[in-house]
Amino acid sequence: MASRIGVPKETAEGEKRVATVPDVVAKLIKLGFTVAVQSGAGDAANFADDTYRAVGAEIVATAAELWAGSDIVFKVRPPSAGEVALMREGGMLVGFVWPAQNPELMQQLAAKKATVLAIDSLPRQLSRAQKMDALTSMAGISGYRAVIEAANAFGRFFNGQVTAAGKIPPAKVFIAGAGVAGLAAIGTAANLGAIVRANDTRAEVADQVVSLGGEFVKVDYEEEGSGGGGYAKVMSEGFQQAQRAMYAQQAADADIIITTALIPGKPAPKLITAEMVRSMKPGSVIVDMAAEQGGNCELTVPGQAVVREGVTIVGYTDLASRLAKQSSTLYSTNLLRVVEEMCKAKDGVARVDMEDDAIRGLTVVKDGAVTWPPPPPKLPAVAPKAKPAAMPAAPKAHGHGAGAPMAAGTLAIVFAVGAIAFALVGLYAPASFLAHFTVFVLACFVGYMVVWNVTPALHTPLMSVTNAISSIIAIGALIQIAPPLDAGVAADRPAALIVGLAVFALALTGINMIGGFAVTQRMLAMFRK
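Colleague: For this particular structure, what's the right way to read the overall build of the chain?
Modeller: Check the secondary structure of the chain and you find 17 helices and 19 strands. Relative to its 529 residues, the chain shows a buried fraction of 39%. When contacts within the chain are restricted to residue pairs at least 6 apart in sequence, long-range pairs at least 24 apart make up 63% of them.

Okay, here's the thing in C-alpha cells:
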C-alpha cells in the first residue's frame, strides 16, 4: 500500500521554509506516494495552497490531522516535543535533527518507535550522496545571504568608484573559513567588486579561493586542518596562536568580516575576540554565520544584529530562511533524492536499507532503536602504490632487448632507406602527387605534435574546433558547384551527379563546422567564471 507523505507548517520562530514545493510534490506522486500539505505551510515561501492542489496534493487543515495521518513526515527544523507527541507511532521522519545536540529529542522519537532519517547526518564523503546533501545546499544559500546582510549594514559600495564627487575605495572583505558557505560568500563579494581575502585551515581550498576572485591568506604555521567529511578539525594550540595573530592583522584592515567556522559536534570556535572588534574601523560589519552554535565572535548575540565598539555584529540564525523560496526548492529536491533511494521500485513504499552506506548514515533511529552514531562508511579501497620497477640493465653493444634504444647503425640505415624512398618519389612521381604528398606528410606531423602537446582535458574542444576549421571539403565542393570561368568550356561542366554529390558534401561540411564551433563554445564555457 502506498505511503502518505505529510508536510507540516514549520513552527520554529521566524522559519519561512517549507520541506516540499509543488514541483517536487508532482515527482513524489509519480513515485507512487500520496502527499498531504498543511494549509499555509508554503505561504511564507510564496507557495500558496492552490499551487499544491494543482499538482495533486491534499491540503490538510491542522497539524494534528496531518501528523496523525502521515506515514512519512518531511520537516525542515527538528520537531518540537509537541510535534513528536502528534506523530503516528511507528512513523518515519525525514529532516534536520542534529542528534548530537538533541539527545532528549532522540529519546522522544525512539519512544514513538519511529524511524528517523537526519539529513544533517549524511556521510558527505560519499560521491553519490552529493545529490542528497542538504547541508551543502543550505550553506551555499547562507553564504550568499551573509554578503547581502553585510552589504545592507555597511555604509557604502562594495566596488570602488571614481565620481565627480570624489573617489570611493573598494570594500575589504575577510572571510574566515572557505567551506561551502565561505566559498559562496567569496564569489558573491568578489562579484560585487570588493577586495576579498579568505583563510581556512585546509590548505587544499586555496586554489578554490583564488578561482572565485579572492586571495588566500595563509597562517604562518604548518599543520594539516582537514577533518574528513568536508569539515575542519580542531587545530593545535600553536596553530591557533598563529591564526589569532593573523586574524588580528586582518581585522584591523578589513571593513567586513564573515565567519563560517564550525566543527561537527562541538561549539563554534572563537576566532574574533573583543580586542579584535575594538581594532576595527567604525562602521565595519561582522556577519557571524556560526551564531546558532555559539558564534565565532565573542560579542555575537545569536539571532540579533547588535552594535559593539562601533561595529555591527550580525548573528542571524535564519540566513537560509531569508531566501525562503530558493532554499525550499533546493531542500525539497534533496529530500526527493533521499526518497528515490528508498523507493527504487516506484511503488510508493519507502524501504530503509541499512546495507546502503548513504541511507545507513542518515538513519539515526530505526523502529524505535537509536542507531546513531553510524559506523564509518565503506569507502572504496585505495589501490596500493606499485613498487618502482627495477632499473633496466644497460643494453649490450650488439643486442636489442625490448625497450632498448635503437643502435646508431640501425638508425642510420632507417634514415637512409627513408631518404631513398623520398628520392624515388621525387624522381618518378607526378608533380601534382608530390605536392599533395608533401602536404599530407606535413599535416600528419603538425597534427600529431599539436594534439600530443595539449593536456587531455582540452582534447574535446581542440578536436571540435579542429574539425570546424579544417573542413577543406567545403572548398572542393564549391569548386565543383561553381560555373566555369571560361564560357568556352561550358561543355566540360560536371555532370548533375557530381554537382549533387558536391552539394551533399557541402551540407555535411556545414553541419560539421557549425557543430564544431558549438561544442567548443560549450566546453570552453565550463572553464569560465
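Colleague: Can you help me understand the pairing of strand β10 (residues 195-199) in this one?
Modeller: Consecutive side chains along a regular strand alternate between the two faces of the sheet. A large share of β10 lies buried, amounting to four of its five residues. Pairing of strand β9 (residues 172-176) with β10 involves five bridges; the strand directions are parallel. Counted as the bridge partner of K172 is I195 from β10. With helix α7 (residues 180-191) bridging β9 and the parallel β10, this β-α-β connection has right-handed handedness. For β10 and strand β11 (residues 215-216), the ladder comprises two bridges, and the chain directions are parallel. In the sheet register, A198 faces β11, and the bridge partner there is F216. Read from β10 through helix α8 (residues 206-211) to β11, the crossover connection turns out right-handed.

Colleague: When you look at the nonpolar core in this model, what are you seeing that I'm missing?
Modeller: One broad trend across soluble globular proteins is that nonpolar side chains are buried collectively. F74 and Y331 are the most contacted members of the largest nonpolar core, which has 48 residues in total. For this core, the secondary-structure elements that each account for two or more residues are β1 (4-7), α1 (22-30), β2 (34-38), β4 (72-74), β5 (92-95), α6 (134-153), α11 (324-342) and α12 (357-362). At seven residues, α11 tops the list of elements feeding residues into this core. If near-sequence neighbours (up to four positions away) are discounted, Y331 is found in contact with A19, K75, V76, G95, F96, I119, A134 and M138. In terms of nonpolar packing, the next biggest core, distinct from the first, is built from 31 residues, A146, A190, V209 and F216 among them.

Colleague: Sorry, what's going on with the sheet that holds strand β3 (residues 58-60) here?
Modeller: Strands pair in a sheet through their backbones, by hydrogen bonds, and they do so in one of two ways: parallel or antiparallel. The strand order across the open sheet built from eight strands is β3-β2-β1-β4-β5-β6-β18-β19, with neighbouring strands paired in mixed fashion. With partners counted over all chains shown, the strands left at the sheet margins are β3 and β19 (369-370), one partner each. In this structure, β1 lies alongside β2, joined through four bridges in parallel fashion. Its bridge partner lying in β2, G6 is registered against A36.

Colleague: Please explain the sheet that holds β11 as it appears in this structure.
Modeller: Here we have seven strands laid out as an open sheet, ordered β11-β10-β9-β14-β15-β17-β16, and mixed in their pairing. Either end of the sheet is taken by a strand with one partner, and the two such strands are β11 and β16 (305-308). Relative to strand β15 (residues 285-288), strand β14 (residues 256-259) runs parallel, the two sharing four bridges. When the bridges of β15 are listed, I258 appears paired with V287.

Colleague: How do you make sense of the side chain of T188 when you look at a structure like this?
Modeller: With respect to the helices, strands and loops of the structure, T188 is situated in helix α7. Note on T188: relative accessible area 12%, which makes it buried. Discounting chain neighbours no more than four positions away, the residues touching T188 are Y144 and V147.

Basis of the calculations
- Residues numbered from 1 in each chain as written.
- Predicted model: local features only at pLDDT ≥ 70, side-chain atom pairs only at ≥ 80, totals over all residues.
- Heavy atoms only, no water.
- Helix = DSSP H or I, 4+ residues; strand = E, 2+ residues; numbered from the N terminus.
- Buried < 20%, exposed > 50% of the residue type's maximum accessible area, 1.4 Å probe, protein only.
- Contact = heavy atoms within 4.5 Å.
- Pairing = 2+ DSSP bridges.
- Right-handed = clockwise from strand over helix to strand, strands pointing away.
- Core = buried A, V, L, I, M, F, W, Y, C linked by side-chain atoms within 4.5 Å.

The quantities given are spatial measurements derived from coordinates; they are silent on function.
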